[in-house]
Amino acid sequence: MAITLEQAKISMADKVDQQIVDMFRRSSLLLDNMVFDNAISPGTGGSTLTYGYVQLKSPATAQVRTVGSEYTPGEAKKEKKTANAVIMGGAFTIDRVLQNTAGAADEVAFQAEQKIKATANCFHNLAINGESETHGFDGLKALLAGTDNELTSAVSIATSAELDENYNAFLDEMDGFLAELDGKPSLLLMNSQMLTKLRSIARRAGYYERTTDDFGNAVETYAGIPMVDMGKYFDGENSQEVIPTEGGKTAIYAVSLGLDGFHGISPTGTGVIVSYLPDMQTPGAVKTGEVELVAGVALKSTRKAAVLQGIQVG
């Protein structure tokens, strides 16, 4: 069964839980659009948060044969893979005096929203940079490593002069990059620096549009494909770009969302998001709230995602 966060929200009776889900959707265009296969049933018969699937590495071939001849065998290549859903989130504490003297500002809502943003950024980081041995599941960087859909740019768009001179060549690269996917991608994932460059190129080519989503957030598109700034995550000491720019070079990931492509994994039911917000009316001076996202990612077909790396932007 497949479920989106919007569908998970509908199944929730508690209005606060619904608001928490909406905060996650508002914080991440990726999470808002992602389909989750909520098929994991932990705690049953010794099972854990493990999700098993078969990844299509290359499709089957078809050919013409002459009368009296045989086909040359050409099977689809697949690989058994597993991914673990992980528990992301955190806790916050609030003194009841701070909540009671906050006036129009709701301290509980503020702290919950900030924790949700941090959790969404954590998911973004793992969706790109996750490694199964360390994090429980592979992100796109690992899933695409060594595949035909791992492409490298040969065009520099680092300066304004190079942008003017080379944007047509970069458009050709983008055409070839997107053509590697099976169907039109759902999202283009990048960092803020790359989004600025691609926005400029899209405007020059007449490929740029700007709309708003259900929450009033701006959604910018390249040839009708939403461009997503994957933002930064806090590693405990510093804020790091989810998709870094190293040596002046960065990358764009293209994904087709769906159960046959790039999708989320989560426990059965609507347990992908769980919240425990404090009741300020019960005894106890300091209250604790918690927010959790229980999820991972899987890529059913390598033709449903691609990366254009080595793009010279600085």
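These notes cover the structure that comes with them. These numbers were taken from a predicted model, which means no experiment stands behind them. (Residues numbered from 1 in each chain as written. Predicted model: local features only at pLDDT ≥ 70, side-chain atom pairs only at ≥ 80, totals over all residues. Heavy atoms only, no water.)

1. Concerning the overall build of the protein
Inference 1: The secondary structure content of the protein amounts to nine helices and 17 strands.
Inference 2: For the C-alpha atoms alone, the extent of the protein along its principal axes is close to 85 × 60 × 35 Å.
Inference 3: Of all 314 residues assigned to the protein, the portion counted as buried reaches 44%.
Inference 4: Looking at the protein alone, contacts between residues at least 24 apart form 74% of all its contacts between residues at least 6 apart.
Inference 5: For the protein, the exposed surface amounts to about 15,500 Å²; the carbon and sulfur share of it is 48%. (Helix = DSSP H or I, 4+ residues; strand = E, 2+ residues; numbered from the N terminus. Buried < 20%, exposed > 50% of the residue type's maximum accessible area, 1.4 Å probe, protein only. Contact = heavy atoms within 4.5 Å. Areas by Shrake-Rupley, 256 points an atom, 1.4 Å probe, with all protein chains shown as cover.)

2. Quick notes on the environment of S11
Inference 1: Examined against the element boundaries, S11 turns out to sit in the loop between α1 (5–10) and α2 (15–27).
Inference 2: A sequence separation of 258 residues divides S11 from G269, and the C-alpha atoms of the two residues are 9.0 Å apart.

3. Regarding the nonpolar core
Inference 1: Counting 59 residues, the largest nonpolar core has F24, F123, L189, Y253 and L293 as the members making the most contacts within it.
Inference 2: At eight residues, helix α5 (residues 107–129) tops the list of elements feeding residues into this core.
Inference 3: Not counting residues up to four positions away in its chain, the partners in contact with F123 are L30, L31, M34, M88, L293, A295, G296 and V297.
Inference 4: The next biggest cluster of nonpolar side chains, apart from the first, holds 27 residues, and it includes I157, A202, Y222 and I311. (Core = buried A, V, L, I, M, F, W, Y, C linked by side-chain atoms within 4.5 Å.)

4. Some words on helix α9 (residues 192–205)
Inference 1: Over its 14 residues, α9 runs 20 Å from end to end, which matches the ideal 20 Å to within 8%, given 1.5 Å per residue.
Inference 2: Turning to α9, its buried residues are M194, L195, K197, L198, R199, I201 and A202.
Inference 3: N-capping of α9 is provided by N191, with a side-chain oxygen placed 3.2 Å from the backbone N of Q193.
Inference 4: Of the residues one or two after α9, G206 is the one with positive phi, at around 75 degrees. (Expected span 1.5 Å × (residues − 1). Polar contact = N/O pair within 3.5 Å; in protein donor to acceptor, adjacent residues only side chain to side chain.)

5. Observations concerning the pairing of strand β15 (residues 273–276)
Inference 1: Residues I273 and S275 point to one face of β15 and are all buried, whereas V274 and Y276, pointing to the other face, are not buried.
Inference 2: In this structure, β15 lies alongside strand β16 (residues 286–299), joined through four bridges in antiparallel fashion. Bridged to S275 within β16 is V291. (Pairing = 2+ DSSP bridges.)

6. Details of the packing of helix α8 (residues 160–179) against α9
Inference 1: Two elements in contact, α8 and α9, have axes whose closest approach is 10 Å; the angle formed by their N-to-C orientations is 90 degrees. The angle between the axes of α8 and α9 places the two elements in the roughly perpendicular class. Facing α8, whose interface residues are L163, D164, Y167, F170, L171 and M174, α9 presents M194, K197, L198, S200, I201, R204 and A205.
Inference 2: Each residue belonging to the contact of α8 with α9 can be placed in one class, and the counts come to nine nonpolar, one polar and three charged. (Axes fitted to C-alpha atoms, helices over the stretch in contact; angles between N-to-C directions. Parallel < 35°, antiparallel > 145°, perpendicular 65-115°, else oblique. Nonpolar A, V, L, I, M, F, W, Y, C, P; charged D, E, K, R; others polar.)

7. Let's talk about the packing of aromatic side chains
Each aromatic ring pair is specified by the distance between its two centres and by the angle formed by the two planes.
Inference 1: A complete count under the given rule lists two aromatic pairs for this structure.
Inference 2: Seen from their ring centres, Y51 and Y53 are 5.9 Å apart, and the 35 degrees between their planes marks the pair as tilted.
Inference 3: Judged by relative accessible area, Y51 falls into the buried class, the value being 6%.
Inference 4: With relative accessibility at 7%, the residue Y53 sits in the buried group.
Inference 5: Ring centres 5.5 Å apart and planes at 90 degrees place the aromatic pair Y207 and Y222 in the edge-to-face group. Of this pair, Y207 sits in the loop between α9 and β8 (208–212) while Y222 sits in strand β9 (residues 218–222); the two residues are 15 residues apart in sequence, bridging distant segments of the chain.
Inference 6: Given the relative accessible area of 33%, Y207 is considered partly exposed.
Inference 7: The ring of Y208 has R203 lying over it, and the distance from NZ or CZ to the ring centre is 4.9 Å. (Phe/Tyr/Trp six-rings, centres within 6.5 Å; stacked < 30°, edge-to-face > 60°. Lys NZ or Arg CZ within 6 Å of the ring centre and 35° of its normal.)

Shape descriptors only; they carry no functional weight alone.
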